[in-house]
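Residue-level structure breakdown
Given next are the chains, with one letter for each unit.
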Amino acid sequence: MTRGSQGVRTTAHAHAKFTQTDVRAAVAGLRGSTSFRAPLREYTSFKIGGPADVVCEPADIDDVCLVVRQARARKIPLFVLGGTNLLIRDGGIRGIVVSLARLRAIKEEPTAVLYAEGGVGMPTLIGYAIRHSLAGLEWAAGIPGTAAGCVVMNAGTKLGEMKDSIKAVRMVNMKGQIVDLEAAQVRFEYRRALLPRGIVVGVWLQLKPGVQSEIQRVVKDYLHYRRDTQPLAMPSAGCVFKNPPNDSAGRLIEAVGLKGARVGDAEVSMKHANFMVNRGQANAADVTALIGKVRRAIRRRVGVRLDLELKIVGET
Ligand code: EPU
């Protein structure tokens, strides 16, 4: 989730002391929605995750600024959803979980630039680019995450990555102020962007004018390739491991015979071994046990250490 949740802490310790009254005060006055003790499984592509003290969906960027300021004043941690490469543990997340789902504006700016708010889904953004005959995002066909999630984790595939198109990033900093950063001010690495603390709320993407039918064809072909090789119809969190240098984690996992391996309802996908799928009732403990099993087998039998692409957050 893909691609990338934005873990933002407003306190030095995840276990800072705050009460439910503090939490209520920190989300008071938001024009968006708030939902207390909300099960986070409903917000993740894995369909796994314990409850949040509160999930809020700010109505717009000013609302994001408000919740950041109010949370900071009460020393309540904030966690920003948006990614799909995310596993939330079964104890859920203490503090305020922010969903950018209502930040979904897209606009075209000169020349061939798209500005997308953080909550815009990549499939929507690709559809918009096609309609406006803009090329450059074809690599992201099939990525289910949000624009902000893709920035934070510098999402990518074999065809390209987010940093290739980023012109500038709009963030809300820890003081609750809007800050715009040029791409040159951000260091992008393999599957992560080194950004200042804060929340990505928008991104300017530099695309190229193209031929609509040609862009559409590349997107369709790539979607087909992914549908043929990845379990896109089942709840998952995308690729679990980063690819080791010059190899594919999926190929290695298949080679050691772990396709189809299960712990509870968590399963190494039969279609692509670097995906784990939730066959229904999997919890986070099942997934982490399965991850341990795969890592140990690859270490022992191939001598390779697999690093997680999946981000694991929350309380056990
Ligand atoms: N392979 C196997 N068995 C498997 C899976 C793959 O043998 O179960 C082999 C394939 O046959 C192929 C090679 O491994 O020869 C590479 O497979 P694939 O084309 O699926 O690419 P990948 O390296 O496994 C990467 C990205 C995917 C992205 C695809 C397609 C990473 C960690 N993975 O996978 O990204 O969708 O290329 O571009 O970068 C993600 O980041 O969440 C993700 C799924």
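Attention here is on the structure that accompanies the text. (Residues numbered from 1 in each chain as written. Predicted model: local features only at pLDDT ≥ 70, side-chain atom pairs only at ≥ 80, totals over all residues. Heavy atoms only, no water.)

1. Some details on the site of the ligand
Taken together, 24 residues sit near the ligand, with Lys 158, Tyr 222, Tyr 225, Cys 239 and Glu 309 positioned nearest. The side chain of Arg 226 places a nitrogen or oxygen atom 3.5 Å from an oxygen atom of the ligand. In the environment of the ligand, an oxygen atom lies 2.9 Å from a nitrogen or oxygen atom belonging to the side chain of His 272. If the ligand stood free it would expose 820 Å²; the protein chains cover 82% of that surface. Breaking the shell around the ligand down by element, the ones donating at least two residues are helix H5 (212-229), strand S18 (236-239) and helix H6 (249-255). Taken domain by domain, the shell around the ligand gets at least three of its residues from each of domain 2 (106-214) and domain 3 (231-313). (Near = heavy atom within 4 Å. Polar contact = N/O pair within 3.5 Å; in protein donor to acceptor, adjacent residues only side chain to side chain. Areas by Shrake-Rupley, 256 points an atom, 1.4 Å probe, with all protein chains shown as cover. Helix = DSSP H or I, 4+ residues; strand = E, 2+ residues; numbered from the N terminus. Domains from an automatic or database assignment.)

2. Regarding H5
With 18 residues, H5 ought to run about 26 Å at 1.5 Å a step, and its terminal C-alpha atoms sit 26 Å apart, in line with that. Within H5, burial applies to Ile 215, Val 219, Tyr 222 and Arg 226. Down the axis of H5, the buried side of the element spans an arc of 70°, and every buried residue falls inside it. Exposed and facing more than 90 degrees away from the buried side of H5 are Ser 213 and Asp 228. (Expected span 1.5 Å × (residues − 1). Buried < 20%, exposed > 50% of the residue type's maximum accessible area, 1.4 Å probe, protein only. Arc of directions from axis to C-beta.)

3. What to know about the sheet that holds strand S7 (residues 106-109)
If you trace the 5 strands from one edge of the open sheet to the other, you get S7-S8-S16-S12-S13, paired in antiparallel fashion. If you trace the sheet from one side to the other, it starts and ends with S7 and strand S13 (178-182), each paired once. The average angle at which neighbouring strand axes cross in this sheet is 20°, direction not considered. Examined bridge by bridge, strand S12 (residues 166-173) and S13 share 5 bridges and lie antiparallel to one another. Bridge pairing in S13 places Val 169 opposite Leu 181. Along the sheet, helix H3 (residues 122-131) contacts S7, strand S8 (113-117) and strand S16 (198-206); its crossing angle with S7, the most-contacted strand, is approximately 35°. (Pairing = 2+ DSSP bridges. Axes fitted to C-alpha atoms, helices over the stretch in contact; angles between N-to-C directions. Contact = heavy atoms within 4.5 Å.)

4. Here's the deal with the pattern of salt bridges
A full pass over the atoms with the stated rule returns 20 salt bridges. Asp 63 is the partner of Arg 31 in a salt bridge, and the nearest nitrogen-oxygen pair spans 3.8 Å. Pair noted here: Arg 31 is in the loop between helix H1 (20-26) and strand S2 (33-39) and Asp 63 is in helix H2 (residues 61-73), with a separation of 32 residues, a long-range link. Salt-bridge contacts for Lys 107 lead to Glu 109; the nearest nitrogen and oxygen are separated by 3.9 Å. Salt bridges here are not isolated pairs; linked through shared partners, they connect Glu 161, Lys 163, Asp 164 and Arg 191. (Salt bridge = Lys/Arg side-chain N within 4 Å of Asp/Glu carboxyl O.)

5. Structural notes on the side chain of Glu 57
Turning to its location among the elements, Glu 57 is positioned in strand S3 (residues 51-57). Reaching out from Glu 57, the side chain makes a polar contact with the side chain of Arg 102 at a distance of 3.1 Å. Residue contacts for Glu 57: discarding those within four places in its chain leaves Gly 32, Ser 33, Tyr 43, Ser 99, Ala 101 and Arg 102.

6. A closer look at H2
The terminal C-alpha atoms of H2, which comprises 13 residues, lie 19 Å apart, in line with the 18 Å expected from a rise of 1.5 Å per residue. By the burial criterion, the buried members of H2 are Ile 61, Asp 63, Val 64, Cys 65, Val 67, Val 68, Gln 70 and Ala 71. You can read the cap of H2 off the contacts: a side-chain oxygen lies 3.3 Å from the backbone nitrogen of Asp 62, and it is on Asp 60. Positive backbone phi, at 55°, marks Lys 75, one or two positions downstream of H2.

7. Some details on the packing of aromatic side chains
Per the counting criterion, the structure on display carries 2 aromatic pairs. Here the aromatic rings of Tyr 115 and Trp 204 are separated by 4.6 Å at their centres, their planes lie at 45°, and the arrangement is tilted. Of this pair, Tyr 115 sits in strand S8 while Trp 204 sits in strand S16, and the two are 89 residues apart along the sequence. Considered together, Tyr 115 and Trp 204 belong to a single accessibility category, that of buried residues. Measuring from centroid to centroid gives 6.2 Å for Tyr 222 and Tyr 225, while their planes differ by 5°, and the two rings are stacked. Of this pair, Tyr 222 and Tyr 225 both sit in helix H5, separated by 3 residues, roughly a single helical turn. (Phe/Tyr/Trp six-rings, centres within 6.5 Å; stacked < 30°, edge-to-face > 60°.)

8. Considering the packing of H3 against H5
Relative orientation and spacing of two packed helices are given, respectively, by the angle between their axes and the distance between those axes. At a closest axis distance of 9 Å, the pairing of H3 and H5 adopts a crossing angle of 155°. Relative to H5, the element H3 is oriented roughly antiparallel. Residue-level inspection shows Ile 126, Ile 130 and Arg 131 of H3 in contact with H5, the latter providing Gln 212, Ile 215, Gln 216 and Val 219. Tallied by class, the residues present in the contact of H3 with H5 amount to 4 nonpolar, 2 polar and 1 charged. (Parallel < 35°, antiparallel > 145°, perpendicular 65-115°, else oblique. Nonpolar A, V, L, I, M, F, W, Y, C, P; charged D, E, K, R; others polar.)

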